Amino acid sequence: WMRKDVTAIRRALDETGLNLAAIVAEPMVWLTDPENHEAFLMGLAQSAATARQLGAPVMIAQAGNHREGVSRNEQHQAIVACLTRAADMLEGTGVTLALEPLNDRVDHPGYFLTSTKEGLDIIDEVNRPEVRLLYDLYHSFVMDEDIAEVLEGRVDRIVHAHLADHPGRNEPGTGKMDWQAWVAWLQDNGYDGLIGLEYRPTG
């Protein structure tokens, strides 16, 4: 949103009657590095104000890349610490911050948070309603996860979902992913939120 005409977007939403599902929490920095936390939290305040202006209930955050020479636990705890402070800032705003695991096999080499289970563990450690998970079915599938295994008992931690097919990250139906079954599982197990179609169209 920082490089966009927010007033024009608000006007377009009003004219069309569309709702905005989410925006990105900016700046996009590595939360694995405590040196970035102050900048992220300063930007988060502005992002939250923009989200409220646009009526977006969700802001998307990414964990950042793995830091060489730093233990995995230390980086995990750095994310927890940052998101806990973020939850304090977001309390009462009506805006939720969604942490997104990504794959490091195809699209995001070096990314720290590739495991949905670890993402959910972080959410549980923060233990605040202001911080939830963005579950991307495509990234999860690329990482060979089984949706029933990684989400068992914790679907209520998911505030938003993304979908693309694999391989190619194209529209559903172009790859080998049984995406209908995955979406059905999500819905059968209590997910009633939006599913963003985040793909590269072939047509």
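Reading guide: rules and limits
- Residues numbered from 1 in each chain as written.
- Predicted model: local features only at pLDDT ≥ 70, side-chain atom pairs only at ≥ 80, totals over all residues.
- Heavy atoms only, no water.
- Helix = DSSP H or I, 4+ residues; strand = E, 2+ residues; numbered from the N terminus.
- Expected span 1.5 Å × (residues − 1).
- Buried < 20%, exposed > 50% of the residue type's maximum accessible area, 1.4 Å probe, protein only.
- Contact = heavy atoms within 4.5 Å.
- Core = buried A, V, L, I, M, F, W, Y, C linked by side-chain atoms within 4.5 Å.
- Pairing = 2+ DSSP bridges.
- Axes fitted to C-alpha atoms, helices over the stretch in contact; angles between N-to-C directions.
- Salt bridge = Lys/Arg side-chain N within 4 Å of Asp/Glu carboxyl O.
- Parallel < 35°, antiparallel > 145°, perpendicular 65-115°, else oblique.
- Left-handed = near helix turned anticlockwise from the far one by under 90°.
- Nonpolar A, V, L, I, M, F, W, Y, C, P; charged D, E, K, R; others polar.

On to helix α3 (residues 72–90). For α3, spanning 19 residues, the distance from its first C-alpha to its last is 27 Å, which sits close to the expected 27 Å at 1.5 Å a residue. Within α3, burial applies to Q75, H76, A78, I79, V80, C82, L83, A86, A87 and L90. At its buried positions, α3 is contacted by α2 (37–54), β2 (58–62), β3 (96–100), α4 (116–126) and β4 (131–136).

Counting 50 residues, the largest nonpolar core has M59, L97, Y135 and L151 as the members making the most contacts within it. Among the elements that make up this core, the one with the highest residue count is α3 (7 residues). Look past the residues within four positions of L151 in its chain and what remains in contact with it is T116, L120, Y135, I158, W185 and L186.

Our focus in this paragraph is the sheet that holds strand β5 (residues 158–163). With respect to topology, 6 strands assemble into an open sheet ordered β1-β2-β3-β4-β5-β6, the strand pairing being parallel. Looking along the sheet, the strands with just one partner apiece sit at the ends: β1 (22–24) and β6 (195–197). Each neighbouring strand pair of the sheet contributes to a mean axis angle of 30°, computed without reference to strand direction. The sheet contact formed by β2 and β3 spans 5 bridges and is parallel. Paired with M59 across the two strands is L97, which belongs to β3. On the sheet, α4 packs against β3 and β4 and is oriented at approximately 170° with respect to β4. Sitting on the sheet, helix α7 (residues 179–188) is in contact with β4, β5 and β6, with an inclination near 170° to β5.

Looking now at the pattern of salt bridges. Under the criterion given, the structure shown has 17 salt bridges. For R105, the salt bridge identified is with D144, shortest N-O distance 2.7 Å. Here the residue R105 occupies a position in the loop between β3 and α4, and D144 occupies one in the loop between α5 (137–142) and α6 (147–151), the gap between them amounting to 39 residues. Two residues, K117 and E149, come together in a salt bridge whose shortest N-O distance is 3.3 Å.

The next thing to look at is the packing of α3 against α4. Running from N to C, α3 and α4 cross one another at 50°; their axes reach a closest spacing of 9 Å. Taken together, the axis directions place α3 and α4 in an arrangement best described as oblique. Considering only the axes of α3 and α4, their crossing is right-handed. For the pair α3 and α4, the contacting residues are R72, H76, Q77, I79, V80, L83 and T84 in the first and E118, D121, I122, E125 and V126 in the second. By residue class, the composition of the contact of α3 with α4 is 5 nonpolar, 3 polar and 4 charged.

The next subject is the environment of V70. Within the secondary structure layout, V70 lies in the loop between β2 and α3. Owing to a relative accessible area of 16%, V70 belongs among the buried residues under this scheme. Residues V70 and A45, spaced 25 residues apart in sequence, show a C-alpha to C-alpha distance of 29 Å.

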